[in-house]
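# Fold and geometry: a report
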Amino acid sequence: MSTVAIPYDIEPHPITGMYNGKFGLWLFLASEVMLFGALFSTYILLRVGAPAGTWPHHGSEILDVPKGTINTLVLIASSVSMVLAWASLKMNNFAKGRVFLLVTFLLAGVFLVIKATEYYAKFTHYQIDVKTPVLLHGEKVTRITGHLHEQTDEHVVITPDAVKGQEHPAEMEIERDNIVRLTNFGPQHSTYMATYFTLTGLHGLHIVGGMVVILFLLLTGPSMWSKNPAKLTNRVECTGLYWHFVDLVWIFLFPVFYLL
Amino acid sequence: MASSSHEMDKHLKVYYIVFGCLAVLTVLTVSVAYLHLPIVAAVAVALLIACVKGSLVASFFMHLISERRLIFVILGLCLFLFLMLLLVPSLTFFEPHYSTFVNGVSGR
């Protein structure tokens with residue numbers, strides 16, 4: 001049985017001037033730009049065309065800006081550790097390169113854990129619209145947001161959100177007959193939440209995909225390094241290109257959803 | 001296959017500087033958001049900072065600054081199609097009778 005070597009996986013292709021893996025990865029990233037571009041375009045259309053009062057004035061009214069900021073810094077740090085992993089391999093230091101890969105993997109995990117806590121907070125936070133106004137913070141209101149404690153066929157019990165600088169309001173019991181709409185802050189809450197979950201969810205899946213590849217490199221790295229160090233270095237470079245792209249997408253997602 | 005140590009040291013220094021710039025710009029974009037600027041100014045500033053951050057990542061971490069011309073051709077085509085994706089649907093807003101109404105309240 002003869003073995004066929006894949007051409008130009010280390011040395012540059014005479015036409016493209018780069019090894020095939022890198023060229024392929026750039027073409028893949030071009031398709032990714034179009035995928036996220038289409039979703040960003042959809043977001044702009046939905047936001048500009050949203051009827052008055054149906055889109056939050058500021059993302060910070062709904063989303064947790066400190067957590068989003070920390071996640072941005074975590075992802076930037078993971079990009080640095082990724083490029084340092086590649087640089088270490090270039091300098092023939094496999095042990096250091098592997099440590100930086102592990103750091104990238106762990107930082108990606110931290111990003112996902114923080115994102116999961118944000119998602120959990122949204123799915124356990126509720127909004128109730130009522131027909132007959134109820135008294136809250138000294139005012140008659142038809143919309144209450146807070147955390148549900150009890151749901152029966154007759155009523156729901158909610159602890160309304162506190163207003164800044166005021167004491168936490170007491171639990172409220174609201175009759176089912178008075179409820180027009182009861183929803184958590186999941187994707188069904190509004191167009192804003194639907195676009196938020198679609199874009200951040202897709203981005204999160206990209207993080208998971210990157211983690212799988214990094215884990216593969218961590219596990220198979222030692223044997224590949226002993227047989228063909230240049231090949232491993234190129235694979236880490238390609239993974240890095242993908243990882244930096246994922247970071248780049250978040251750099252735009254963060255202000256768009258959290259700050260504007 | 002090891003690159004020259006001096007050359008790589010220079011690269012490492014650049015990576016750390018870019019990291020510092022990205023962290024500072026992240027704090028800046030959050031700080032500006034709390035100034036509650038008018039919406040047009042807020043969008044312009046936030047997107048400008050995001051573009052600078054994105055350029056830093058692409059130029060230095062993805063090494064676009066020293067990449068081959070072919071990659072720029074691919075990305076240029078990509079950018080053109082991306083702008084079309086953004087602009088063509090937005091043209092609907094210039095349609096003279098366009099308007100959104102919910103319960104008699106205009107969205108524009």
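The structure presented is a predicted model; accordingly, all values stated were derived computationally and were not measured.

### Quick notes on the overall build of chain A
Helix and strand counts for chain A come out as 5 helices and 5 strands. In chain A, the order of α-helices and β-strands from amino to carboxyl end is α-α-α-β-β-β-β-β-α-α. Compactness check: chain A gives a C-alpha radius of gyration of 24 Å against a globular reference of 18 Å for 260 residues, more than 25% above the reference. Projected onto its principal axes, the C-alpha coordinates of chain A cover approximately 80 × 40 × 35 Å. Counting the 260 residues in chain A, one finds 31% classified as buried. Taking as baseline every contact in chain A between residues at least 6 positions apart, the subset at least 24 positions apart corresponds to 60%.

### Some details on the domain arrangement of chain B
Parsing chain B into structural domains produces domain 1 (1-62) and domain 2 (68-93). Taking the mean C-alpha position of each, domain 1 of chain B and domain 2 of chain B sit 22 Å from one another.

### Brief notes about helix H1 (residues 5-33) of chain B
Over its 29 residues, H1 of chain B extends 42 Å from the first C-alpha to the last, a length consistent with the 42 Å expected when each residue adds 1.5 Å. Residues Val18, Phe19, Leu22, Thr26, Thr29, Val30 and Ala33 of chain B constitute the buried set of H1 of chain B. In this fold, the buried residues of H1 of chain B make contact with helix H2 (65-90) and helix H5 (229-259) of chain A together with helix H2 (39-61) of chain B.

### Description of the environment of Ile76 of chain A
With respect to the element layout, Ile76 of chain A can be found in helix H2. Put simply, Ile76 of chain A and Asp247 of chain A are 171 residues apart on the chain and 6.7 Å apart in space, counted from C-alpha to C-alpha. Discounting chain neighbours no more than four positions away, the residues touching Ile76 of chain A are Asp247 of chain A together with Phe19, Leu22, Ala23 and Thr26 of chain B.

Calculation rules
Residues numbered from 1 in each chain as written. Chains lettered and ligands numbered in written order. Predicted model: local features only at pLDDT ≥ 70, side-chain atom pairs only at ≥ 80, totals over all residues. Helix = DSSP H or I, 4+ residues; strand = E, 2+ residues; numbered from the N terminus. Rg over C-alpha atoms; globule rule 2.2 N^0.38 Å. Buried ≥ 20, exposed ≤ 12 C-beta atoms within 10 Å, placed from the backbone. Contact = placed C-beta atoms within 7 Å. Domains from an automatic or database assignment. Expected span 1.5 Å × (residues − 1).

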